[in-house]
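# Close look at the chain arrangement
One-letter residues, chain by chain:
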Amino acid sequence: MDHFHYRDGVLHCEDVALPAIAEAVGTPVYVYSAATFRRHAQVFRDGLSGVGAKHLAYAIKANPNLAVLRVLADEGYGADVVSGGEMARALAAGMRPEDIVFSGVGKTRGELGCALDAGLGQFNLELEEEGVVLGSLAADRGMRAPATLRVNPDVDAGTHAKISTGKRENKFGVPIDQAATMFGRLAGVGGLDLRGVAIHIGSQLADLAPLAAAYRRIGALVAELRTAGHAITRVDLGGGLGVPYRSSDVIPSPADYGAMVAEVTRDWDVELMFEPGRVIAGNAGVLLTEVVWVKPGVTDPYVIVDAAMNDLARPALYDAYHDFVAVKPSGERMVANIAGPVCESGDTFAMGRDIDRVVSGDLAVFRTAGAYGATMASTYNSRALVPEVLVDGDRFAVVADRIEPETILAAERVPEWLMPKNLEG
Ligand SMILES: *Cc1c(COP(=O)(O)O)cnc(C)c1O
């Protein structure tokens, strides 16, 4: 459930009419609902009520806006971060370092050192050498780094190939058949406090079966590690729960997920870590856009909107579906292609879609754009970096400025030897 709804024929976010935001901020613009973020944070937590000791670390790559992180910090969430930049955001949002998990396959030595200095609560190791390096960096500081070993369980998550992470051939984690041996070697590394294992098999999962299969494999590994004499106190179950992008999508609820977790992990006797991203952020945001032209096409017309693949990359990257609805629907329908202004045929959001009839100048939104939306934006085609607005009840604020092309241009230099003579000195 989200807080985007029609009131008197006009799409609102909570108590704010979207035309008011378009008027004040311009388009394209991402609009987030604070109430929806809070609700999703609570529903996810409630879904896990049957699970014992747990930590909730929001995967901030889904939507790392500082104001969003503040809302989630107030809900008691920590963060899963995958770079020094994300760590800085989580800390700036007031999350406690001990509630932050550092994931990612390419953490640099510099990032590991900063994260130790900041006192992060968990490092998810992606390879043995990383554990050795982290241990020595920690020992240099007179510390022991709290860590888990990320295991690749070799299951097919049944999602888009580009967001699958738990197959043997993916770059993530260590092969499950080598995990116990590797764990044994890392347990002896000074400076490392190896507490358990971690997995994350992919994103936008629409079926609990692959997750349950992966978790069972991890449960067996935990038992094997204990038999070998290791104290296992923590298991990180990652994120990945999907969200409905279409009204017809059938996605397990957080309660279904929680029931499965409670059942599979019943005898584990560990603290569990969860890293939800999309399920918290996906339906908490829309991308508000204006129709520039309706251009006749060979079969269906092209609705050209002022948002493009540089603002919302998911359709171009993953063939993702985003619902498109008019802010003031007339009740009439049309079949159209929806595309942005960028000079790539990939800058197409939908083909042959039945949508609200729109004309040039109308406002519309792409729904379910709160996760992996603004954070993936670029300035391709020298377009502005898309701004973000947070609504909270009847208030709204710009929580990320539109970065204009002039600002980007000002960071570029022509070296002196390329300067035309008439521009020198
Ligand atoms: C991306 C990611 C997540 C979050 O995934 P969602 O599908 O958004 O829930 C969690 N953990 C790790 C390690 C990730 O890379």
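Computed from a predicted structure; not experimentally measured.

## So, the site of the ligand
- Close to the ligand lie 14 residues; K61, S203, E275, R278 and Y372 are nearest.
- Note that an oxygen atom of the ligand is positioned 2.8 Å from one of the backbone N or O atoms of G240.
- G277 is positioned with one of its backbone polar atoms (N or O) 2.9 Å from an oxygen atom of the ligand.
- By residue class, the composition of the shell around the ligand is three nonpolar, six polar and five charged.

## Quick notes on a nonpolar patch on the surface
- A cluster of nonpolar side chains, contributed by V414, W417, L418 and M419, occupies part of the molecular surface with about 460 Å² of accessible area.
- Locating V414 in the fold gives a position in the segment after α12 (405-410).

## Here we look at the packing of helix α4 (residues 84-92) against helix α5 (residues 109-118)
- For the pair α4 and α5, the least separation of the axes is 10 Å and the interaxial angle reads 20°. The angle between the axes of α4 and α5 places the two elements in the roughly parallel class. Pair α4 / α5 crosses with left-handed handedness. Of the residues in α5, those touching α4 at G84, M87 and L91 are E111, C114, A115 and A118.
- Among the residues forming the contact of α4 with α5, the class breakdown is five nonpolar, one polar and one charged.

## A word on the sheet that holds strand β3 (residues 16-17)
- Here we have three strands laid out as an open sheet, ordered β1-β2-β3, and antiparallel in their pairing. Each edge of the sheet is formed by a strand with only one pairing partner; in this case those strands are β1 (4-7) and β3.

## Section: helix α1 (residues 18-25)
- Every buried residue of α1 is listed here: L18, I21, A22 and V25. Buried residues of α1, viewed axially, fall in a sector of 100°; they line one side. Relative to its buried face, α1 has exposed residues pointing more than 90 degrees away, namely E23 and A24.
- One or two positions beyond α1, positive phi appears at G26, with a value near 85°.

## Regarding the pairing of strand β6 (residues 78-81)
- Alternating positions in β6 separate into two faces, G78 and D80 on one and A79 and V81 on the other, with burial throughout.
- As a crossover connection, the stretch from strand β5 (residues 54-59) through helix α3 (residues 66-74) into β6 is right-handed.
- Relative to strand β7 (residues 100-102), β6 runs parallel, the two being bridged by three bridges. By the bridge assignment, A79 is partnered in β7 with I100.
- With α4 bridging β6 and the parallel β7, this β-α-β connection has right-handed handedness.

## Side note on the packing of aromatic side chains
- Counted according to the given criterion, the structure contains nine aromatic pairs.
- On the basis of an interplanar angle of 55° and a centroid distance of 5.0 Å, the ring pair of F324 and F366 is categorised as tilted. With F324 in strand β16 (residues 324-326) and F366 in strand β19 (residues 363-366), the pair connects residues that are 42 residues apart, well separated along the chain.
- Overall, F324 belongs to the buried group, its relative accessible area being 3%.
- Taken together, a centroid distance of 4.3 Å and an interplanar angle of 40° make the contact between F349 and F366 tilted. Here F349, found in strand β18 (residues 348-356), pairs with F366, found in strand β19; they are 17 residues apart in sequence, far enough to count as distant.
- One aromatic cluster in this structure is built from F44, Y215, Y257 and F274.

## Some details on the packing of helix α2 (residues 34-47) against α3
- Running from N to C, α2 and α3 point in directions that differ by 40°, and their axes come no closer than 10 Å. Regarding the angle of α2 to α3, the classification is oblique. Every pair of crossing elements has a handedness; the one defined by α2 and α3 is right-handed. Within the contact between the two elements, α2 uses A34, F37, R38 and A41 and α3 uses V68, V71 and L72.
- Split by residue class, the contact of α2 with α3 holds six nonpolar, no polar and one charged.

## As for the domain arrangement of the chain
- Domain boundaries in the chain define domain 1 (4-31 + 284-410) and domain 2 (34-281).
- Contact with domain 1, which involves 22 residues of that partner, is made by 24 residues of domain 2.
- Around 1900 Å² of area is buried between domain 1 and domain 2 when both sides are counted, 54% of it from carbon and sulfur atoms.
- It is A284, Y321 and Y372 that lose the most area in domain 1 upon contact with domain 2, and together they represent 32% of the buried surface on that side.
- Linking domain 1 with domain 2 are one salt bridge.
- D392 serves as the salt-bridge partner of R38, at 2.9 Å between the closest nitrogen and oxygen.

## With respect to empty space enclosed by the protein
- One pass over the full model with this rule turns up one cavity of 30 Å³ or more.
- In terms of lining residues, the largest cavity is bounded by F44, G238, G239, G240, L241, Y257, E275 and P276.
- Of the residues that constitute the lining of the largest cavity, the class distribution is four nonpolar, three polar and one charged.

## A closer look at unusual backbone geometry
- Residue P28 is bonded to the preceding T27 through a cis peptide linkage, with omega at -5°.
- Note that P28 resides in the loop between α1 and β4 (29-33).
- Positioned with a positive phi, D319 is a non-glycine residue whose angle comes to about 55°.
- Examined against the element boundaries, D319 turns out to sit in the loop between α11 (314-318) and β16.

Conventions we followed
- Residues numbered from 1 in each chain as written.
- Predicted model: local features only at pLDDT ≥ 70, side-chain atom pairs only at ≥ 80, totals over all residues.
- Heavy atoms only, no water.
- Near = heavy atom within 4 Å.
- Polar contact = N/O pair within 3.5 Å; in protein donor to acceptor, adjacent residues only side chain to side chain.
- Nonpolar A, V, L, I, M, F, W, Y, C, P; charged D, E, K, R; others polar.
- Patch = residues over 30% accessible without salt bridge, like charges linked within 9 Å, V, L, I, M, F, W, Y side chains within 5 Å.
- Areas by Shrake-Rupley, 256 points an atom, 1.4 Å probe, with all protein chains shown as cover.
- Salt bridge = Lys/Arg side-chain N within 4 Å of Asp/Glu carboxyl O.
- Helix = DSSP H or I, 4+ residues; strand = E, 2+ residues; numbered from the N terminus.
- Axes fitted to C-alpha atoms, helices over the stretch in contact; angles between N-to-C directions.
- Parallel < 35°, antiparallel > 145°, perpendicular 65-115°, else oblique.
- Left-handed = near helix turned anticlockwise from the far one by under 90°.
- Contact = heavy atoms within 4.5 Å.
- Pairing = 2+ DSSP bridges.
- Buried < 20%, exposed > 50% of the residue type's maximum accessible area, 1.4 Å probe, protein only.
- Arc of directions from axis to C-beta.
- Right-handed = clockwise from strand over helix to strand, strands pointing away.
- Phe/Tyr/Trp six-rings, centres within 6.5 Å; stacked < 30°, edge-to-face > 60°.
- Domains from an automatic or database assignment.
- Buried area = accessible area lost by both parts, 1.4 Å probe.
- 1 Å grid on protein atoms, 1.4 Å probe; cavity = no way out; pocket = protein on both sides within 12 Å on 5 of 7 lines; lining within 4 Å.
- Points joined across faces, edges and corners; volume = space filled by probe spheres on them.

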